[in-house]
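Spelled out from the first residue to the last, the chains are:
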Amino acid sequence: YTFPADIYSFGMLLYEMIALQIPFEKESQFTLPDRVAKGLQPRIPDEHVNLPGYSQLIQLHRQCIAIRPQDRPPLTTIQRELTEIFEKQRELLPQ
């Protein structure tokens, strides 16, 4: 177990917030770990992909669940990107 495993878990939480569903819900729990290790990733529903403001969250999600742990962003990068995303969303709110 390493810190990048926490980043992967955070990526799965982002998935749940974006897709409004549990990742891999219909997958067998017996074969899932091996399939994930081979590159299986949860699919974000098409109707959520083009929602305003979601593209950056989806990109961050995909970075967090990169197959190779060393390709996942450090926590400081995640914090910076989330701050940017939320600031952009705040700008879109009516004053």
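Scroll up for the structure.
Residues numbered from 1 in each chain as written. Predicted model: local features only at pLDDT ≥ 70, side-chain atom pairs only at ≥ 80, totals over all residues. Heavy atoms only, no water.

Caption draft 1: Main features of helix H1 (residues 3-19). In this model H1 runs 25 Å from its N-terminal to its C-terminal C-alpha over 17 residues, within 8% of the 24 Å that 1.5 Å per residue would give. Here H1 has its buried residues at Ile7, Tyr8, Gly11, Met12, Leu14, Tyr15, Ile18 and Ala19. Considered in projection along H1, the buried side chains sweep an arc of 155° and stay on one side of the axis. Positive backbone phi, at 60°, marks leucine 20, one or two positions downstream of H1. (Helix = DSSP H or I, 4+ residues; strand = E, 2+ residues; numbered from the N terminus. Expected span 1.5 Å × (residues − 1). Buried < 20%, exposed > 50% of the residue type's maximum accessible area, 1.4 Å probe, protein only. Arc of directions from axis to C-beta.)

Caption draft 2: Highlighting the pattern of salt bridges. Taken as a whole and judged by the stated rule, the model has 4 salt bridges. Between aspartate 71 and arginine 68 there is a salt bridge, with the nearest N and O atoms lying 2.9 Å from each other. Its relative accessible area of 44% is what places aspartate 71 among the partly exposed residues. Exposure remark for arginine 68: the relative accessible area of 46% places this residue in the partly exposed category. (Salt bridge = Lys/Arg side-chain N within 4 Å of Asp/Glu carboxyl O.)

Caption draft 3: Seen up close, helix H5 (residues 75-92). For H5, spanning 18 residues, the distance from its first C-alpha to its last is 26 Å, which sits close to the expected 26 Å at 1.5 Å a residue. Three or more residues of H5 are buried, namely Thr77, Ile78, Glu81, Leu82 and Ile85. The arc that holds the buried residues of H5, viewed along the axis, is 125°, so those residues lie on one side. Across from the buried face of H5, at angles greater than 90 degrees, the exposed residues are Leu75, Thr76, Gln79, Arg90 and Glu91. For H5, the secondary structure elements touched by its buried residues are H1 and helix H4 (54-64). (Contact = heavy atoms within 4.5 Å.)

Caption draft 4: Molecular detail of the nonpolar core. Counting residues in each nonpolar core, the largest one holds 13 residues, and the members touching the most others are Ile18, Ile44, Leu57, Leu60, Cys64, Ile78 and Leu82. Secondary structure elements with two or more residues in this core: H1, H4 and H5. Among residues more than four places away in sequence, those in contact with leucine 60 are Leu14, Ile78, Glu81 and Leu82. Among the nonpolar cores identified, the runner-up in size contains 5 residues, and Tyr8, Met12, Phe24 and Leu32 belong to it. (Core = buried A, V, L, I, M, F, W, Y, C linked by side-chain atoms within 4.5 Å.)

Caption draft 5: Spotlight on the packing of H4 against H5. At a closest axis distance of 10 Å, the pairing of H4 and H5 adopts a crossing angle of 165°. Taken together, the axes of H4 and H5 lie roughly antiparallel to each other. The hand of the H4/H5 crossing is left-handed. Residue-level inspection shows Gln56, Leu57, Leu60, Gln63 and Cys64 of H4 in contact with H5, the latter providing Ile78, Glu81, Leu82, Ile85 and Lys88. (Axes fitted to C-alpha atoms, helices over the stretch in contact; angles between N-to-C directions. Parallel < 35°, antiparallel > 145°, perpendicular 65-115°, else oblique. Left-handed = near helix turned anticlockwise from the far one by under 90°.)

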